[in-house]
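# Architecture and fold: a report
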Amino acid sequence: MAVTDTSSVRPGAETGRLGVRGWLILATLCGATFMTGLDFSVVTVALPEIGRDLGFASTGALQWVATACLLPTASLLPLFSRVSDLVGRRRLFIAGVALFAGFSLFAGLAPGPAALIAARVGQGASAAMIAPTAIALMTTAFPEGPRRTRALGVNGAVLSLGFVLGTLGGGVITSGLNWRWTMLTLVIIGALVLLGATVLLPGTATERAAARLDIPGAVLAGIGLFALVYGVSTGPEAGWGSVPTLGSLALAVLALGAFLLVERRHTAPLIPLGLLNRPTVKWSGLIGFITLGMCGGTTVLLSLYMQDVLGYSALATGAGFLAEGGTALLGGMLAARLIGALGTAGAMATGLAVQGLGTGAMVLLPERGGTALLLLTSGAMGFGHVLTVVAFITAMTSGLREDEQGVAGGLSQLPQFLGAIGTACLAAIVTARTKALATTRSPTLATLGGLHTAMLTAGFVCLAGALLAVLLLRVLRDVPPGRSRGMSDETPKGVH
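Okay, so let's go over this structure. (Residues numbered from 1 in each chain as written. Predicted model: local features only at pLDDT ≥ 70, side-chain atom pairs only at ≥ 80, totals over all residues. Heavy atoms only, no water.)

### As for the packing of aromatic side chains
Applicable threshold: In summary, the pairing rule links any two rings of Phe, Tyr or Trp, Trp by its six-membered ring, whose centres are within 6.5 Å, and it sorts them by plane angle into stacked for under 30 degrees, edge-to-face for over 60 and tilted for everything else. In DSSP terms, a helix is any run of H or I states spanning at least four residues, a strand is any run of E spanning at least two, and both are numbered starting from the N terminus. Three exposure classes are used, based on accessible area relative to the maximum for each residue type with a 1.4 Å probe and protein chains only: buried under 20%, partly exposed in between, and exposed over 50%.
Tallying each qualifying case throughout the model produces 1 aromatic pair. Here the aromatic rings of Phe-226 and Tyr-230 are separated by 6.4 Å at their centres, their planes lie at 5°, and the arrangement is stacked. Of the two residues, Phe-226 and Tyr-230 both sit in helix α7 (residues 215-238), 4 residues apart, roughly one turn of that helix. Tyr-230 sits in the partly exposed class, given a relative accessible area of 24%.

### Points about the layout of surface pockets
Rules: Cavities and pockets are found on a 1 Å grid laid over the protein atoms alone: a cavity is a set of points where a 1.4 Å probe fits but cannot escape, a pocket is an open set with protein on both sides within 12 Å along at least five of seven lines, and a lining residue has an atom within 4 Å of such a point. Grid points are joined across faces, edges and corners, and a volume is the space filled by probe spheres set on the points. For this classification, the nonpolar set comprises Ala, Val, Leu, Ile, Met, Phe, Trp, Tyr, Cys and Pro, the charged set comprises Asp, Glu, Lys and Arg, and every other residue, Gly included, is treated as polar.
Its volume calculated, the second largest pocket comes out at about 660 Å³. Together, 23 residues line the second largest pocket, and Leu-260, Leu-276, Leu-411, Leu-414 and Leu-418 are the ones closest to its centre. Put simply, the parts of the chain that give the lining of the second largest pocket at least two residues each are α7, α8 (243-265), α9 (273-276), α10 (279-309) and α14 (405-418). With 5 residues, the top contributor of residues to the lining of the second largest pocket is α10. For the lining of the second largest pocket, the per-class residue count stands at 19 nonpolar, 2 polar and 2 charged.

### Quick notes on the environment of Gly-239
This is how the line gets drawn: The contact definition used throughout considers only heavy atoms, calling two residues in contact when any of these lie within 4.5 Å.
Looking at the secondary structure, you find Gly-239 in the loop between α7 and α8. Dropping the residues within four chain positions of it, Gly-239 is found in contact with Thr-234 and Thr-245.

### Some points on the packing of helix α3 (residues 89-108) against helix α4 (residues 113-141)
Operational definition: Axis lines are fitted through C-alpha atoms, for helices just across the contact stretch, and the angle between N-to-C directions can take any value from 0 to 180 degrees. What sets the label is the angle itself: under 35 degrees gives roughly parallel, over 145 gives roughly antiparallel, 65 to 115 gives roughly perpendicular, and the rest give oblique. Crossings are sorted by hand: turned counterclockwise from the far helix by less than a right angle, the near helix makes the crossing left-handed, and turned clockwise it makes it right-handed.
Closest axis-to-axis distance for the α3/α4 pair is 8 Å, and the angle between their directions is 155°. Judged by the inter-axis angle, α3 sits roughly antiparallel to α4. Of the two possible hands of crossing, α3 and α4 adopt the one that is left-handed. In terms of residue class, the contact of α3 with α4 is made up of 18 nonpolar, 7 polar and 2 charged.

### What to know about the side chain of Thr-73
With respect to the helices and strands, the residue Thr-73 is situated in helix α2 (residues 59-87). Residue contacts for Thr-73: discarding those within four places in its chain leaves Gly-124, Ala-127, Ala-128 and Phe-417.

### Some remarks on the environment of Ala-458
Within the element layout of this structure, Ala-458 appears in helix α16 (residues 443-478). Not counting residues up to four positions away in its chain, the partners in contact with Ala-458 are Met-294, Thr-298, Thr-359 and Leu-426.

### Remarks on helix α15 (residues 420-437)
Spelled out, the test is: For a helix, the expected span equals 1.5 Å multiplied by the number of residues minus one.
For α15, which comprises 18 residues, the first-to-last C-alpha distance of 26 Å matches the rise-based estimate of 26 Å (1.5 Å per residue) to within 8%. Inspection of α15 places Ala-420, Gly-422, Ala-424, Leu-426, Val-430, Thr-434 and Leu-437 among the buried residues, and these make up the whole buried set.

### Some remarks on the nonpolar core
Side chains of nonpolar character tend, in soluble globular proteins, to be buried together. Selection rule: In these notes, a set of buried Ala, Val, Leu, Ile, Met, Phe, Trp, Tyr and Cys residues joined through side-chain atoms within 4.5 Å is what counts as a nonpolar core.
Grouped together as the largest cluster of nonpolar side chains are 100 residues, with contacts concentrated most on Ile-50, Phe-93, Leu-116, Leu-302 and Tyr-305. Here this core takes 14 residues from helix α1 (residues 19-54), the largest share from any one element. Those residues within four positions of Tyr-305 in sequence are excluded, and the remaining contacts are Leu-310, Leu-365, Pro-366, Gly-369, Leu-374, Leu-448 and Leu-451. Counting residues in each nonpolar core, the second largest holds 16 residues, with Leu-70, Leu-77, Val-229 and Ala-424 among its members.

### A short note on a nonpolar patch on the surface
Condition: Each patch is assembled from residues with relative accessible area greater than 30% and no salt bridge, linking like charges that lie within 9 Å and nonpolar side chains (Val, Leu, Ile, Met, Phe, Trp, Tyr) that lie within 5 Å. In these tables, accessible area is a Shrake-Rupley quantity obtained with a 1.4 Å probe, and a residue counts as shielded only by the protein chains included in the view. Just to be clear on terms, a salt bridge is a Lys or Arg side-chain nitrogen sitting within 4 Å of an Asp or Glu carboxyl oxygen.
Taken together, Leu-161, Leu-165, Leu-329, Leu-330, Met-333 and Leu-334 make up a surface patch of nonpolar side chains, about 470 Å² in accessible area. Within the residue set of the nonpolar patch, elements represented by two or more residues are α5 (146-176) and α12 (322-360). No other element matches the 4 residues that α12 contributes to the nonpolar patch.

### Thoughts on the pattern of salt bridges
Overall, the coordinates contain 1 salt bridge when judged by the stated rule. Two residues, Arg-368 and Glu-367, come together in a salt bridge whose shortest N-O distance is 3.7 Å. For Arg-368, a relative accessible area of 66% corresponds to the exposed category.

Here you go:
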């Protein structure tokens with residue numbers, strides 16, 4: 001299957017300058033990324049108000065407002081990644097943005113819990129259309145090299161900005177107006193992105209002669225990822241030894257194992273195993289899983305620290321993330337230069353090392369005060385994290401054919417949604433350590449001890465990931481020029 005894309009903007013490719021049209025295209029694609037990132041964080045802040053207004057029966061039921069969006073996004077991502085290569089990325093991107101805006105409007109007007117959760121499911125499915133196509137459109141619009149790396153850096157910075165504004169804006173909007181405005185704001189952003197996509201993004205001509213969708217693979221991947229994220233998301237409340245949790249995780253293992261077997265035999269697999277076996281894809285994907293899982297989990301721990309130990313309000317907690325968001329924004333803007341100087345593997349190692357040192361140093365956070373240390377450590381984590389994210393996505397999407405960019409775009413986004421595994425593991429460490437300390441310390445100090453243990457663990461995991469990135473650099477140097485292990489295509493030019 002061949003794909004002809006006319007969206008690449010050539011002038012300035014060697015220097016990294018994007019040009020006016022390039023910036024407008026990037027603003028449109030990043031706007032979609034910003035919208036979906038904002039959705040996850042803004043809803044989390046608004047959950048208590050949503051529960052009171054709509055009359056959710058319990059905290060567990062209220063948590064489904066967040067989980068109902070995450071599950072379809074994670075489980076449908078591989079399917080829509082492949083569909084984007086078959087029907088056209090621009091077409092699927094526009095459809096996803098339009099549906100996301102529509103479901104956001106439905107969520108903002110929801111009369112009760114059932115309607116809101118249904119709308120959140122729709123938002124999640126729409127986000128699964130947006131995530132892979134936004135990255136694929138970006139990697140085809142900007143040629144491999146400085147311009148693409150710069151575009152991916154801006155995208156990473158915007159995603160972080162969405163998180164910060166979500167935590168701050170969610171508190172401000174919920175307190176000053178109403179939680180429904182958090183959803184209606186997404187409608188406005190979606191309308192602007194839709195306008196930009198319609199006007200700026202050229203269409204792609206796709207030959208579908210020999211292409212057919214891998215239905216068995218899509219079903220197995222969807223079931224496996226759904227069961228995995230469901231089991232991890234509900235495990236802390238239901239209990240890791242409970243029948244639903246163990247059953248979900250067992251189903252995930254069986255479905256994903258069967259998926260790999262089916263993909264080996266299918267003539268047009270959902271995810272070509274040759275692509276999945278590329279060193280740049282599988283190893284950088286693992287590094288992406290580490291940085292996203294540990295940063296996401298540690299961010300939750302910091303929220304608990306600020307509210308349960310320091311006694312911050314929700315709005316003050318949002319302000320406490322300003323350093324993380326600000327340095328993440330800086331990291332995204334500087335990522336292209338750092339990757340140009342260090343190479344993608346070197347940038348991944350550096351980013352994870354900075355993230356690991358910042359996260360591990362959180363073991364020094366005190367029971368009272370410590371604002372400067374909080375800002376310093378969270379800032380280091382944010383900077384290192386975004387540098388790593390930009391580097392691993394650059395590695396995963398480099399050196400591929402045009403018709404592989406959709407699948408690669410989806411694979412590069414998958415670690416973001418599987419990062420819930422890292423959050424769940426760190427939460428389990430906090431629970432176990434807090435319970436062990438509860439007999440000898442006050443509740444606040446026991447909680448702080450549990451948080452310290454989990455933060456230190458996250459720091460060590462990131463440092464281990466940095467060592468893995470160093471090994472990745474060595475592995476890639478061993479690959480003969482023009483050839484990558486597992487595939488006959490050329491080694492990604494952006495990795496050195």
